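# Overview (structure and organization)
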Amino acid sequence: MIKIDNNLRKNSQSFGALNNLGGKAVKFFHKADDITSVGQRVLIGATALGLQPLIDFNNKKVDKKTRQSSAARSIARAIIGTATGVAVRGATIKFADRFVKEGKILDFKMSEKQIAKMTASGKKVVTSLADASKDQIKNYSATIGTLIGLAVMIFTNFAIDVPAINWMQNKIMDKINSGKQNKGVNNVPAK
């Protein structure tokens, strides 16, 4: 069983995966550990924008029009999904950070049973935000903000993403189709 405490970076399980890597790779993975959920969303969006349209456009199991439409939808989904994901996560993390720092909401208290269990294992126990370090408070507010953001994104996926993706896909398809009309249909030059 993996035991998790308040000091994850120094005491987390590694299973020896990084032992055979060079120093540069280990430093890279430790830096990747610091990427926020906003940064993660940007990386996922950039990867989706770079790869998924290529996969869709090169799918020879469907006709050319379907490939174009699928690639256009993948482009729209990557751009719109990333933009709303970054905006919502960024806003909710700042919201949570403000309220945690001002002490208005989101403080936690551990039960006596939880404190006794963690103390018995020899771990340093943070029982409330008042006892936490600046890094722990920053991580706590980022986590709360991310969780609030995920709840908000359930709503924004239907209210913003779906209509915006359909609109952008239609714009991309119009651009593709207008390019065909300018070149002529069926390789017949336009007059």
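Our subject is the structure listed above.
All of these numbers come straight from a predicted model, not from anything done at the bench. (Residues numbered from 1 in each chain as written. Predicted model: local features only at pLDDT ≥ 70, side-chain atom pairs only at ≥ 80, totals over all residues. Heavy atoms only, no water.)

## Considering a positive patch on the surface
The grouping of K60, K64, K65 and K180 at the surface amounts to a positive patch. Position of K65 among the secondary structure elements: in helix α4 (residues 64-102). (Patch = residues over 30% accessible without salt bridge, like charges linked within 9 Å, V, L, I, M, F, W, Y side chains within 5 Å. Areas by Shrake-Rupley, 256 points an atom, 1.4 Å probe, with all protein chains shown as cover. Salt bridge = Lys/Arg side-chain N within 4 Å of Asp/Glu carboxyl O. Lys, Arg positive; Asp, Glu negative; His and termini not counted. Charge placed at Lys NZ, Arg CZ, Asp CG, Glu CD. Helix = DSSP H or I, 4+ residues; strand = E, 2+ residues; numbered from the N terminus.)

## Quick word on the nonpolar core
For soluble globular proteins, the rule of thumb is that nonpolar side chains tend to be buried together. Within the largest apolar cluster, five residues are counted, these being A76, I80, A164, I165 and M168. When contributions to this core are tallied by element, the ones reaching two or more residues are α4 and α6 (134-183). For this core, the element with the most residues is α6, which contributes three residues. (Core = buried A, V, L, I, M, F, W, Y, C linked by side-chain atoms within 4.5 Å. Buried < 20%, exposed > 50% of the residue type's maximum accessible area, 1.4 Å probe, protein only.)

## Brief notes about the environment of Q40
Looking at where Q40 falls in the secondary structure, it is placed in helix α3 (residues 37-57). Here Q40 falls in the partly exposed class, since its relative accessible area comes to 39%.

## Focus: the environment of T92
Here T92 shows up in helix α4. Relative accessible area serves as the criterion here: at 9%, T92 is assigned to the buried category. Counting along the chain gives 50 residues from T92 to A142, while the straight-line C-alpha distance between them is 8.7 Å. Each residue touching T92, except ones within four places of it in the same chain, is listed here: G145, I148, G149 and V152. (Contact = heavy atoms within 4.5 Å.)

## Quick word on α3
In this model, α3 (21 residues) spans 30 Å end to end at C-alpha, consistent with the 30 Å of a helix rising 1.5 Å per residue. Its maximal kink placed at A48, α3 deviates by approximately 30°. Those residues of α3 that fall on the buried side of the exposure criterion are S37, R41, G45, P53 and D56. (Expected span 1.5 Å × (residues − 1). Bend = angle between axes of the 7 residues up to and from the residue.)

## Some words on the environment of A78
Within the secondary structure, A78 sits in helix α4. A relative accessible area of 7% places A78 in the buried class. Sequence spacing of A78 and A48 is 30 residues, and the spatial spacing of their C-alpha atoms is 5.9 Å. Apart from residues lying up to four places away in sequence, A78 is in contact with G45, A48 and L49.

## A word on a nonpolar patch on the surface
On the surface, I154, F158 and V162 cluster together into a nonpolar patch covering about 330 Å² of accessible area. Within the secondary structure, F158 is located in helix α6.

## Observations regarding the side chain of S74
Secondary-structure assignment places S74 in helix α4. Excluding anything up to four places from it in sequence, S74 contacts Q52, P53 and D56.

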